[in-house]
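Here's the letter readout for the chains.
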Amino acid sequence: MTMRYRTLGKTGLKVSEIGFGGEWLERHPEEESVELMKYASEKGINIIDCWMPDPKSRDIIGKAMKGNRENWFVQGHFGANWHEGQYVRSREMKYVRPSFEDLLTRLQTDYIDLGLIHYVDTVEDWNALQGSDYMKYVMEMKENGTIRHIGMSSHDPKTAATAVRSGLIEMLLFSVNPAFDMLPSGQDLDELLGDGFHYDDRLAGINTERAQLYMLCEEYDVGITVMKGFAGGRLFDKNRSPFGVELTPVQCIHYALSRLGVDSVLCGFDTKEQVDEAVHYEEASESEKDYASVLGNAPLHSYRGECTYCGHCKPCVANLDIAMINKFYDLATIQPEVPESVRSHYLSLERKASECVGCRQCEARCPFGVPIADRMTKAAELFGE
Ligand code: SF4
Ligand code: SF4
């Protein structure tokens, strides 16, 4: 098995498709967790997220990286602080500075590859940060080389899009999985995953703001690393998944890595077996990765009629890139006017929707029942070719 690496947007860092989310490290004896990180490194994993402010997690990462710091890219967060034995999210410098200095000390390093503006989920919060002492500190750390690149973590597509457009961030840590992708901006994620959640029509296909965000990241060359790719493990359990079917880790990873802009899925590992299961993605067959057929036939909610850009409809007799055309069509039709960027992306396609001959052979292969030929006609009308 050989790990594949992707360039994380404009940071230029070559990150492993499978990454390490560190939040479960502190649940195990220190030696065990150090061993687990070393094992992951041997498997080709080279990126770890350390949002955790607790001393134990940070010490573990420091010990595991000792002597091979250059083999890891670390995501460290500004404003995930440890105060009186607890995690406190705060932008107050009296917490932020000592917590960041503690990160460097415990990780036994003098630099952090990816310095993240931690957890910005509203546009108001993002706006309030501009010009603040907190942001000045982030900039200072970038200028003096303590952090190599600036990133941000967020769960909200509107906020993340605002940050991407600002040109200030080079990468984004974002929650991506098929359940979250159906949520509108501002929706409480805990509610979706909570026991009291009942399926209703709020879940109606991929949320366009999320689809737009992924496209925007691609356009601005802002690489995405993924958190919550398994929705906290709920997608593995048909009784707790909003779809009523279970997905495998490989299918969830494939879903996330198939979104535009996504470069690495950071999985929270407890055991070596879980590392193996995730890394197996690198050699999995197409049928093992096939999340589309599973979701297309889900009993509780299906994506019926909605294109998920999975590409199952290939080949097209006219050689159209159906998934791409559908994507541009969706992005164009959610706005009052077709955005220039979307139009130019469409126009750069080698073959246009107007070349569809209406044979409908592709429709039989679409697991989501998308009326493809009709959509090609509409796309041709919309884009004029
Ligand atoms: S209906 Fe159009 S898009 Fe589908 S296979 Fe035929 S030519 Fe291609
Ligand atoms: S039309 Fe259907 S098969 Fe083709 S990319 Fe969209 S969802 Fe997948």
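Residues numbered from 1 in each chain as written. Chains lettered and ligands numbered in written order. Predicted model: local features only at pLDDT ≥ 70, side-chain atom pairs only at ≥ 80, totals over all residues. Heavy atoms only, no water.

**Details of the packing of aromatic side chains**
Inference 1: Inspection of every chain in the model, using the stated rule, returns 10 aromatic pairs.
Inference 2: Taking the centre distance of 6.5 Å and the plane angle of 70° together, the rings of phenylalanine 20 and tryptophan 72 count as edge-to-face. Of this pair, phenylalanine 20 sits in strand 3 (residues 18-21) while tryptophan 72 sits in the loop between helix 2 (55-65) and strand 5 (73-78); the two residues are 52 residues apart in sequence, bridging distant segments of the chain.
Inference 3: Their ring planes at 80° and their centres at 5.1 Å tell us that tyrosine 255 and tyrosine 291 sit as a pair that is edge-to-face. With tyrosine 255 in helix 9 (residues 249-257) and tyrosine 291 in helix 12 (residues 291-296), this residue pair connects regions lying 36 residues apart in the sequence. Per residue, the accessibility class of tyrosine 255 equals that of tyrosine 291, and both read buried.
Inference 4: Three or more aromatic residues link up through ring pairs in this structure, and these residues are Phe20, Trp72 and Phe269.
Inference 5: The cationic tip of arginine 91 hangs over the ring face of tyrosine 134; the distance from NZ or CZ to the ring centre is 5.4 Å.
Inference 6: Between arginine 148 and the ring centre of tyrosine 111, over which it is positioned, the NZ or CZ distance is 4.0 Å. (Phe/Tyr/Trp six-rings, centres within 6.5 Å; stacked < 30°, edge-to-face > 60°. Helix = DSSP H or I, 4+ residues; strand = E, 2+ residues; numbered from the N terminus. Buried < 20%, exposed > 50% of the residue type's maximum accessible area, 1.4 Å probe, protein only. Lys NZ or Arg CZ within 6 Å of the ring centre and 35° of its normal.)

**Some words on the packing of helix 13 (residues 322-333) against helix 14 (residues 340-347)**
Inference 1: Across the interface, helix 13 lies against helix 14 with an axial gap of 10 Å and an inter-helix angle of 160°. Classified by the angle their axes make, helix 13 and helix 14 are roughly antiparallel. Our pair here, helix 13 against helix 14, has a crossing hand that is left-handed. On helix 14, the residues that touch Ile325, Phe328, Leu331 and Ala332 of helix 13 are Val342, His345 and Tyr346. (Axes fitted to C-alpha atoms, helices over the stretch in contact; angles between N-to-C directions. Parallel < 35°, antiparallel > 145°, perpendicular 65-115°, else oblique. Left-handed = near helix turned anticlockwise from the far one by under 90°. Contact = heavy atoms within 4.5 Å.)

**So, the nonpolar core**
Inference 1: Phe20, Ile45, Ile117 and Ile169 are the most contacted members of the largest nonpolar core, which totals 111 residues.
Inference 2: No other element matches helix 13, which puts 7 residues into this core.
Inference 3: Counting contributing residues per domain, this core is built from domain 1 (5-295) and domain 2 (322-382), each supplying no fewer than three.
Inference 4: Dropping the residues within four chain positions of it, phenylalanine 20 is found in contact with Leu25, Leu36, Met37, Ala40, Ile45, Ile47, Ile48, Asp49, Trp72, Leu266, Cys267 and Phe269.
Inference 5: Counting residues in hydrophobic clusters, the runner-up holds 11 residues, among them Phe73, Met171, Leu173 and Met227. (Core = buried A, V, L, I, M, F, W, Y, C linked by side-chain atoms within 4.5 Å. Domains from an automatic or database assignment.)

**A closer look at the pattern of salt bridges**
Inference 1: Counting across every chain of the model gives 23 salt bridges.
Inference 2: The partner of glutamate 170 in a salt bridge is lysine 142, and the shortest N-O contact between them spans 3.6 Å. You can see glutamate 170 sitting in the loop between helix 6 (157-166) and strand 10 (171-175) and its partner lysine 142 sitting in helix 5 (residues 133-143), a full 28 residues away along the chain.
Inference 3: Given the relative accessible area of 13%, glutamate 170 is considered buried.
Inference 4: Residue lysine 142 is classed as partly exposed on the basis of its relative accessible area, which comes to 31%.
Inference 5: Two residues, aspartate 181 and arginine 210, come together in a salt bridge whose shortest N-O distance is 3.8 Å. Of this pair, aspartate 181 sits in the loop between strand 10 and helix 7 (189-193) while arginine 210 sits in helix 8 (residues 208-220), and the two are 29 residues apart along the sequence. An identical accessibility class is assigned to aspartate 181 and arginine 210; each is buried. (Salt bridge = Lys/Arg side-chain N within 4 Å of Asp/Glu carboxyl O.)

**Considerations on the domain arrangement of the protein chain**
Inference 1: Taken domain by domain, the protein chain consists of domain 1 (5-295) and domain 2 (322-382).
Inference 2: Residue-level contacts link 9 residues of domain 1 with 10 residues of domain 2.
Inference 3: Between domain 1 and domain 2 the total buried area reaches about 760 Å² when both faces are included, carbon and sulfur atoms providing 77% of it.
Inference 4: Three residues, Gln212, Met215 and Glu219, lead the burial of domain 1 against domain 2; their summed loss comes to 52% of the area buried on that side.
Inference 5: At the boundary of domain 1 with domain 2, the tally comes to 0 salt bridges.
Inference 6: Going through the elements one at a time, helix 8 and helix 12 are the ones with two or more residues in the side of domain 1 that touches domain 2.
Inference 7: Taken together, the residues of the side of domain 1 that touches domain 2 sort by class into 5 nonpolar, 3 polar and 1 charged. (Buried area = accessible area lost by both parts, 1.4 Å probe. Nonpolar A, V, L, I, M, F, W, Y, C, P; charged D, E, K, R; others polar.)

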